[in-house]
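Structural description and commentary
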Amino acid sequence: MKSVLIVYHSMTGGTQQMAQAAARGAYSQGDVRVSLLHAAAAGTADVLEASAYVFATPENLAAMSGLMKDFFDRTYYGALDRINGRPYALLICAGSDGTNAAQQIARIATGWRLKAIADPLIVCTQAQAPERILRAKRIPESNLLECEELGATLAAGIGLGIY
Ligand SMILES: Cc1cc2nc3c(=O)[nH]c(=O)nc-3n(C[C@H](O)[C@H](O)[C@H](O)COP(=O)(O)O)c2cc1C
């Protein structure tokens, strides 16, 4: 059975909601297994097992979050040359930017020879002052629908053998 692995990290909840929405979308396609894993819980075996990926991270200090980086550090060489050509999508939750985190993960995905199925989906929470940055996030329904659609597209694509 084909499967989608969704790996995420989130400090104040925004990325988690986006990853959960992508998982809902992927589940909605039926014949595809979906694993939604926190970055700290995901390992090389999960990466090797999956047919497609969604990577979801906050942008912190103009980079992917530390735990997301740790996930790639732990899995990169174990998966290198063993997952070539598999499709992936990228979700970024940022205060106001998100492009650096997206570029970092895209470069890693290029190293893995993965194929992006869409441009990175970046949601900005407009958190810039410390008190807003540290506050729990609530991602608007319209953005969650976009994440859901991306998850559904990825799952449908692998189910039908398009990707
Ligand atoms: C230490 C730290 C650094 C951050 N740096 C950036 C940044 O460089 N660019 C940006 O757009 N947002 C930045 N943010 C804002 C977060 O991306 C924003 O709060 C986002 O909603 C976090 O996602 P989360 O709710 O999944 O943790 C930063 C937040 C923290 C805590």
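Quick look at the structure, then. (Residues numbered from 1 in each chain as written. Predicted model: local features only at pLDDT ≥ 70, side-chain atom pairs only at ≥ 80, totals over all residues. Heavy atoms only, no water.)

**Quick notes on the pattern of salt bridges**
Under the defined criterion, the tally for this structure stands at four salt bridges. For E148, the salt bridge identified is with R24, shortest N-O distance 3.6 Å. Of this pair, E148 sits in helix α6 (residues 141-160) while R24 sits in helix α1 (residues 14-27), and the two are 124 residues apart along the sequence. Relative accessible area serves as the criterion here: at 39%, R24 is assigned to the partly exposed category. (Salt bridge = Lys/Arg side-chain N within 4 Å of Asp/Glu carboxyl O. Helix = DSSP H or I, 4+ residues; strand = E, 2+ residues; numbered from the N terminus. Buried < 20%, exposed > 50% of the residue type's maximum accessible area, 1.4 Å probe, protein only.)

**Digging into α1**
With 14 residues, α1 should reach 20 Å at 1.5 Å per residue; the first-to-last C-alpha distance of 20 Å fits that figure. Among all positions in α1, only G14, T15, M18, A19, A21, A22, A23, G25 and A26 are buried. For α1, the secondary structure elements touched by its buried residues are β1 (3-8), β2 (33-38), β3 (52-60), β5 (87-94), β7 (121-124) and α6. (Expected span 1.5 Å × (residues − 1). Contact = heavy atoms within 4.5 Å.)

**Considering a nonpolar patch on the surface**
Judged by side-chain polarity, M11, I133 and L134 come together as a nonpolar surface patch covering roughly 320 Å² of accessible area. Mapping I133 onto the fold places it in helix α5 (residues 130-134). Residue I133 is classed as partly exposed on the basis of its relative accessible area of 36%. (Patch = residues over 30% accessible without salt bridge, like charges linked within 9 Å, V, L, I, M, F, W, Y side chains within 5 Å. Areas by Shrake-Rupley, 256 points an atom, 1.4 Å probe, with all protein chains shown as cover.)

**Quick look at the nonpolar core**
Counting 27 residues, the largest nonpolar core has V4, I6, M18, V54 and L91 as the members making the most contacts within it. Listed by contribution, the elements that provide at least two residues to this core are β1, α1, β3, β5, β7 and α6. (Core = buried A, V, L, I, M, F, W, Y, C linked by side-chain atoms within 4.5 Å.)

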